[in-house]
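Topology and contacts: notes
Residue strings, one per chain:
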Amino acid sequence: MLDIVTASEWFGSEFGRPIIIGGPCSAETREQVMSTALAIAEIKEVSIFRAGVWKPRTRPGNFEGAGNEALEWLAEAKAATGLKMAVEVATPAHVEAALKAGVDVLWVGARTVSNPFSVQELAAALGGVDVPVLVKNPINPDIELWIGALERINRAGCKKLAAIHRGFYPFEKRGLRNIPRWEVPIELKRLFPNLPMICDPSHIAGKWELVQSIAQQALDLDMDGLMIETHINPSVALSDARQQLTPAQLSEMVGSMSFPTSTTTDTSFARCIQTLRQRIDSLDAQMLELIAQRMKIAEEIGRFKLQQNVTILQVRRFEQILKDRLEQAEVIGLNHEFVKNLLEMVHKESILRQEAIMRSSGPGERKFPC
Ligand SMILES: C=C(O[C@@H]1C=C(C(=O)O)C=C[C@H]1O)C(=O)O
């Protein structure tokens, strides 16, 4: 369990869903911070300005952030715009410097979250701190590591917590920069329903053109906010140039997106959905009943195989099943990959059932080839 305060209480009553955070990957110069912040402040939906001050780079020699000096630019941007300021912290010294400079929100990056030693050190530095702390997912889709970081920080006394979904390391570099693996943040939401979940579509997309569709997908999946990298002139950005929007593009994007709510008080909607859900309940019950019948038949086949000393796995038969069912799937409009995964799961269970039969056979029941 996480002992947390809802996002609407972070900064007073006017603050709430959706939480929209915009700002550059890195704070580069005073002018870049001020001009980006002033332009973003014009977008009424954006309440928090983000900027990386200390940048954890994969290889040395890249721009590593402007450091403590940038905190002064952020303080100036805050005074000029009224936006809340958010920075990434990776060490206790970062936490101390950021809080001293009046930073309003801290986030912990994916690389830091991947290392429990670093998280524990950060948690100790965050003890009793009242600013919101946003915890990005670890690089690999390891939900336990993500939960562990949230718990360590929460146990240190930080109650204003949120998670940020920024996708997972793709291993193969093609398509999106990070693989979304939406099932991971969905599972976190299921386990901690009151934990706000913010999506970072910029890091998932890797290209500014793809940011909006990922952001919309996140909102449709009931996420509570977005963190979108925005730079006054992305073409000259010192980091993540390819994925940053201009403030004008951010404004257009926010204006053209739909922000669905998780529930509605409309009674006809409630009636319709209830009827449809009853049909789904009934079909699920039939589906499970059919799978149970299929497993019983597989067990019966297993008993025949035991008598005849025939192998459990019959690759040709399974291949034929896959081919036939995938043809049928295509005709009835079911996704190829989905049906293949489903059949593989069913086959695996059927093999397990037959293995259990072989294991439970009495001594001498199994023949051995002469
Ligand atoms: C049920 C059988 O055993 C295994 C399970 C199969 C299935 O679940 O459809 C298919 C082939 C075998 O690998 C069988 O041989 O038919």
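Calculation rules
Residues numbered from 1 in each chain as written. Predicted model: local features only at pLDDT ≥ 70, side-chain atom pairs only at ≥ 80, totals over all residues. Helix = DSSP H or I, 4+ residues; strand = E, 2+ residues; numbered from the N terminus. Rg over C-alpha atoms; globule rule 2.2 N^0.38 Å. Near = placed C-beta within 6 Å. Nonpolar A, V, L, I, M, F, W, Y, C, P; charged D, E, K, R; others polar. Domains from an automatic or database assignment. Buried ≥ 20, exposed ≤ 12 C-beta atoms within 10 Å, placed from the backbone. Pairing = 2+ DSSP bridges. Right-handed = clockwise from strand over helix to strand, strands pointing away. Axes fitted to C-alpha atoms, helices over the stretch in contact; angles between N-to-C directions. Parallel < 35°, antiparallel > 145°, perpendicular 65-115°, else oblique. Left-handed = near helix turned anticlockwise from the far one by under 90°. Contact = placed C-beta atoms within 7 Å.

**Brief notes about the overall build of the protein**
Counting its secondary structure elements, the protein contains 13 helices and eight strands. Taking 2.2 N^0.38 as the reference for a compact globule, 370 residues should give roughly 21 Å; the C-alpha atoms of the protein span a radius of gyration of 26 Å, well beyond that estimate.

**Thoughts on the site of the ligand**
The immediate surroundings of the ligand are formed by Ala298, Ile301, Leu313, Gln314, Arg317, Phe318, Ile321, His347, Ser350, Ile351 and Gln354. Looking at which element gives the most residues to the shell around the ligand, the answer is helix α13 (residues 336-359), with four residues. Taken together, the residues of the shell around the ligand break down into six nonpolar, four polar and one charged.

**A few points about the domain arrangement of the protein**
Domain assignment breaks the protein into domain 1 (7-256) and domain 2 (267-359). One C-alpha centre belongs to domain 1, the other to domain 2; they are set 42 Å apart.

**Considering the pairing of strand β5 (residues 133-136)**
The alternating pattern of β5 places Val133 and Val135 and Leu134 and Lys136 on opposite faces, both of which are buried. Bridging between strand β4 (residues 105-108) and β5 involves three bridges; their strand directions are parallel. Opposite Trp107, over in β5, you have Leu134 as the bridge partner. Bridging between β5 and strand β6 (residues 161-165) involves four bridges; their strand directions are parallel. In the strand pairing of β6, Leu134 is matched with Ala162. In this view, the connection linking β5 to its parallel neighbour β6 by way of helix α6 (residues 143-155) has right-handed handedness.

**Description of the pairing of strand β1 (residues 19-23)**
Of all five residues making up β1, five are buried, and the element is well covered by its neighbours. Neither face of β1 is left uncovered, since the one carrying Ile19, Ile21 and Gly23 and the one carrying Ile20 and Gly22 both have all their residues buried. Alignment of β1 against strand β8 (residues 225-229), held across five bridges, turns out to be parallel. Paired with Ile19 across the two strands is Gly225, which belongs to β8. By the bridge criterion, three bridges tie β1 to strand β2 (residues 46-50) in an arrangement that is parallel.

**A short note on unusual backbone geometry**
The phi torsion at Asp222 lies on the positive side, around 70°, for a residue other than glycine. One can find Asp222 in the loop between α9 (208-220) and β8. Although it is not a glycine, Asp240 adopts a positive phi angle of roughly 50°.

**Considering the environment of Leu342**
Within the element layout of this structure, Leu342 appears in helix α13. Separated by 133 residues in the primary sequence, Leu342 and Glu209 place their C-alpha atoms 34 Å from one another.

**What to know about the sheet that holds β5**
The pairing of strands in a sheet comes from backbone hydrogen bonds and takes either a parallel or an antiparallel form. Strand order in this closed barrel of eight strands is β1-β2-β3-β4-β5-β6-β7-β8, and the pairing throughout is parallel. Pairwise comparison of adjacent strand axes, ignoring direction, gives a mean angle of 30° for this sheet. Direction of pairing for strand β3 (residues 84-88) relative to β4: parallel, over a ladder of three bridges. Paired with Glu88 across the two strands is Trp107, which belongs to β4.

**Observations regarding the packing of helix α1 (residues 30-41) against helix α2 (residues 68-81)**
Contact geometry of α1 with α2 gives a least axis separation of 9 Å together with a crossing angle of 25°. Between α1 and α2, the angle is such that the two are roughly parallel. Handedness of the crossing formed by α1 with α2: right-handed. Within the contact between the two elements, α1 uses Arg30, Val33, Met34, Ala37, Leu38 and Ala41 and α2 uses Trp73, Leu74, Glu76, Ala77, Ala80 and Thr81. Residues that form the contact of α1 with α2 fall into these classes: nine nonpolar, one polar and two charged.

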